[in-house]
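Fold and geometry: a report
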Amino acid sequence: MGILHDDVVIFREAEKEGDPTVITVNCPDKTGLGSDLCRIILFFGLSIVRGDGKWCYIVLWVVGKENTRWSLLKKRLIGACPSCSSASGISYYSSDFHPPKPPHVFLLKFNCYDRKGLLHDVTEALCELELVIKKVKVSTTPDGKVMDLFFITDTRELMHTEKRKEDTKEYLRGTLKDAIIDIDIELVGLAADVCSPASSFLPAAITDEETIGNRTLIRSDEVTITMDNTLSPAHTLVQIMCQDHKGLIYDIMRTLKDYNIQICYGRFYVKERGKCDIDLFIITKGDGKKIVDPKKQHSLSSRLRTELLHPVRVGVHSRGPDTELLVANPVELSGKGRPLVFYDITLALNMLQTCIFSAEIGRHVIGDREWEVYRILLDEGGEGLSLPRNKIEEGVWKMLMGWE
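Keep in mind that what you see is a predicted model, and the values were worked out from it rather than measured.

Here we come to the overall build of the protein. Along the backbone of the protein there are 13 helices and 16 strands. The proportion of buried residues among the 404 residues of the protein is 49%. At a minimum sequence separation of 6, the contacts of the protein that also span at least 24 residues come to 70%. Of the accessible surface of the protein, which amounts to about 20,000 Å², a share of 53% is contributed by carbon and sulfur atoms.

Shown next as structure tokens:
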């Protein structure tokens, strides 16, 4: 007997305002299941405040937006789970042997009259439509108009239909109202072709480890990671104590996924003042054994520490006569970037009353990894920026970390 479809994901609503909603996932296992589930929850703007799981039975306590579309979230979580219709162990891991095809990328192009907060309104609308921004080029013309080019993928995989295109256009027209002049959507290719790594120069603000370390708002002593092979005969115990931030569990899960690590049991909870305790019993996916090699332990521990200290990189610097905001986040080996980054950037700048002159998203290789890099030229007007650069940097960083 397989697992009933309706039992794969179960929600237990919060009993009173402020309490978390409990999400239970019960399905066959696959590589990176925890990472995929946490990424979807982050995409819906929710924060995980507690977690417990053994093999592929996962319970998560989440809090977040009042207008969360729970039925759609459930559908997306079920979609991330392997097939539950068969009791065959081979079908459980079919996604490992047959990775999904790269999604098609569409170009959303429109002209608008510029106004304050326009880019954030567009970004928010695209999130509501479940459209993922892969690249963007935004520029402002001297006559007060904006040319926006968004390279997007469709989570619903329906953008090839005329109905989905027209529904998207209509939704954007309703959002932008009189600001919009014209809008068009066309297919441009596969994500692997459109989103190839860029080669332009990046400043030390987001590439130099020492520069980044000197400007982080998290002290190195606020993150402790220990590994123990004595408490379990079959597993390595990873214990993490750190400060909570938006997407914390996703950052841990995606790192373990990239290292081909399987979590056999784990628990997580947030204590007072946002302090987190995480216990993970892990094995390597290849041989199903604990991690005993000191070099491998050090490599994994170092990467986890880096991801928890610098889950995103933020810097503000001079680009010729202009001021540029840079934000970078690592890309999973699967090619997935961190969700809602551009949304948070535009929201933070909107709250800081700082306008955007132009914006670009591209992928760059920094060190031995691929990063998604957001380059935002700030509109200084005739009198320069209204806030010091460090305040802009801090405001964007706090928004991305969920500390606003």
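Next comes the rest of the write-up.
Below, the discussion takes up the environment of Phe44. Secondary-structure assignment places Phe44 in the loop between helix 1 (33-43) and strand 3 (47-54). Separated by 25 residues in sequence, Phe44 and Arg69 place their C-alpha atoms 8.2 Å apart. Dropping the residues within four chain positions of it, Phe44 is found in contact with Lys65, Arg69, Leu72, Leu73, Arg76 and Glu130.

Where strand 6 (residues 131-140) meets strand 7 (residues 145-154), nine bridges bridge the pair, whose relative direction is antiparallel. For Ile133, the partnering residue across the bridge sits in strand 7 and is Ile152. In textbook terms, the turn of a hairpin is the stretch between consecutive antiparallel strands, and for strand 6 and strand 7 this stretch comprises four residues, one of which, Gly144, has a positive phi near 80°. Bridging between strand 6 and strand 15 (residues 355-366) involves three bridges; their strand directions are antiparallel. The partner of Lys137 across the bridge, within strand 15, is Glu360.

So, about unusual backbone geometry. Positive phi outside glycine occurs at Lys177, with the angle close to 50°. The residue Lys177 is located in the loop between helix 6 (162-176) and strand 8 (180-190) in this model. With a phi angle near 65°, Leu340 is a residue other than glycine that sits in the positive phi range. You can see Leu340 is positioned in the loop between strand 14 (322-330) and helix 12 (341-351). Owing to a relative accessible area of 19%, Leu340 belongs among the buried residues under this scheme.

We now examine the layout of surface pockets. Put simply, the second largest pocket is a space of about 750 Å³. Along its surface, the second largest pocket is lined by 35 residues, and Gly45, Leu46, Lys65, Lys246 and Leu340 are the ones closest to its centre. Counted by class, the lining of the second largest pocket contains 18 nonpolar, nine polar and eight charged residues.

Let us now look at the pattern of salt bridges. Applying the stated criterion across every chain yields a total of 24 salt bridges. Arg319 is the salt-bridge partner of Glu324, the closest N and O atoms lying 2.6 Å from each other. Using a relative accessible area of 0% as the deciding quantity, one classes Glu324 as buried. Each of the salt bridges in this network shares a partner with another, and the network as a whole consists of Lys30, Asp36, Lys257, Glu332 and Lys336.

A separate point is empty space enclosed by the protein. What the rule picks out here adds up to three cavities of 30 Å³ or more. What the largest cavity holds in volume is close to 460 Å³. The wall of the largest cavity is formed by 31 residues, among which Gly34, Trp55, Ile58, Met253 and Ile263 lie closest to the centre. Secondary structure elements with two or more residues in the lining of the largest cavity: helix 1, strand 3, strand 4 (57-63), helix 10 (248-258), strand 11 (261-270) and strand 12 (275-284). With seven residues, the top contributor of residues to the lining of the largest cavity is strand 11. Approximately 40 Å³ is the volume found for the second largest cavity. Partitioning the lining of the second largest cavity into residue classes produces five nonpolar, no polar and three charged.

The subject of this paragraph is helix 1. The element helix 1 is largely enclosed, with a buried count of 11 among its 11 residues. Along helix 1, the positions that sit buried rather than exposed are Leu33, Gly34, Ser35, Asp36, Leu37, Cys38, Arg39, Ile40, Ile41, Leu42 and Phe43. Positive phi appears at Gly45, one or two residues downstream of helix 1, with a value of about 75°.

Formed by 47 residues in total, the largest nonpolar core has its most connected members in Ile240, Leu248, Ile252 and Ile278. Here this core gets seven residues from one element, more than from any other, and that element is helix 1. When residues of this core are assigned to domains, at least three fall in each of domain 1 (1-84) and domain 3 (219-309). Among residues more than four places away in sequence, those in contact with Ile252 are Ile240, Ile278, Leu280, Leu304 and Leu308.

A few words on the packing of aromatic side chains. For the structure shown, the criterion picks out five aromatic pairs. With a centroid separation of 5.5 Å and an interplanar angle of 75°, the aromatic rings of Phe11 and Trp70 are classed as edge-to-face. Residue Phe11 is found in strand 1 (residues 9-12), and its partner Trp70 is found in helix 2 (residues 70-80); the two are separated by 59 residues along the sequence. Sitting over the face of the ring of Trp61, Arg50 holds its NZ or CZ atom 4.0 Å from the ring centroid. The ring of Phe151 carries Lys135 above its face, with NZ or CZ at 5.6 Å from the centroid.

What counts, and where the lines are drawn
- In this convention, every chain numbers its residues from 1, walking through the sequence in written order.
- Per-residue local features of the predicted model are confined to residues with pLDDT of at least 70, and side-chain atom pairs are confined, for both listing and counting, to 80 or more; whole-chain, interface and lining totals are unaffected and use all residues.
- Where side-chain values are given, they derive from all heavy atoms of the structure, hydrogens and water being excluded.
- Working definition: helices are DSSP H or I runs of at least four residues, strands are E runs of at least two. Numbering for both runs from the N terminus.
- Partly exposed residues are those whose accessible area sits between 20% and 50% of the maximum for their type, while under 20% is buried and over 50% is exposed, using a 1.4 Å probe and protein chains only.
- The contact definition used throughout considers only heavy atoms, calling two residues in contact when any of these lie within 4.5 Å.
- Only the protein chains shown count as covering a residue, and every accessible area follows the Shrake-Rupley method with a 1.4 Å probe.
- Two strands pair if DSSP finds at least two bridges between them.
- Detection works on a 1 Å grid of protein atoms alone, calling trapped sets that fit a 1.4 Å probe cavities and calling open sets with protein on both sides within 12 Å along at least five of seven lines pockets, with lining residues defined by an atom within 4 Å of a point.
- Grid points are joined across faces, edges and corners, and a volume is the space filled by probe spheres set on the points.
- Classification used: nonpolar for Ala, Val, Leu, Ile, Met, Phe, Trp, Tyr, Cys and Pro, charged for Asp, Glu, Lys and Arg, polar for all others including Gly.
- Definition used for salt bridges: Asp or Glu carboxyl oxygen within 4 Å of a side-chain nitrogen of Lys or Arg.
- Throughout this description, the term nonpolar core refers to a set of buried Ala, Val, Leu, Ile, Met, Phe, Trp, Tyr and Cys residues connected via side-chain atoms within 4.5 Å.
- Annotation comment: domain bounds sourced from an automatic or database domain assignment.
- When the centres of two rings from Phe, Tyr and Trp lie within 6.5 Å, Trp using its six-membered ring, the rings pair. Their planes under 30 degrees apart give stacked, over 60 give edge-to-face, and anything left gives tilted.
- Our definition puts a charge over a ring when NZ of Lys or CZ of Arg is within 6 Å of the ring centre and also within 35 degrees of the ring normal.

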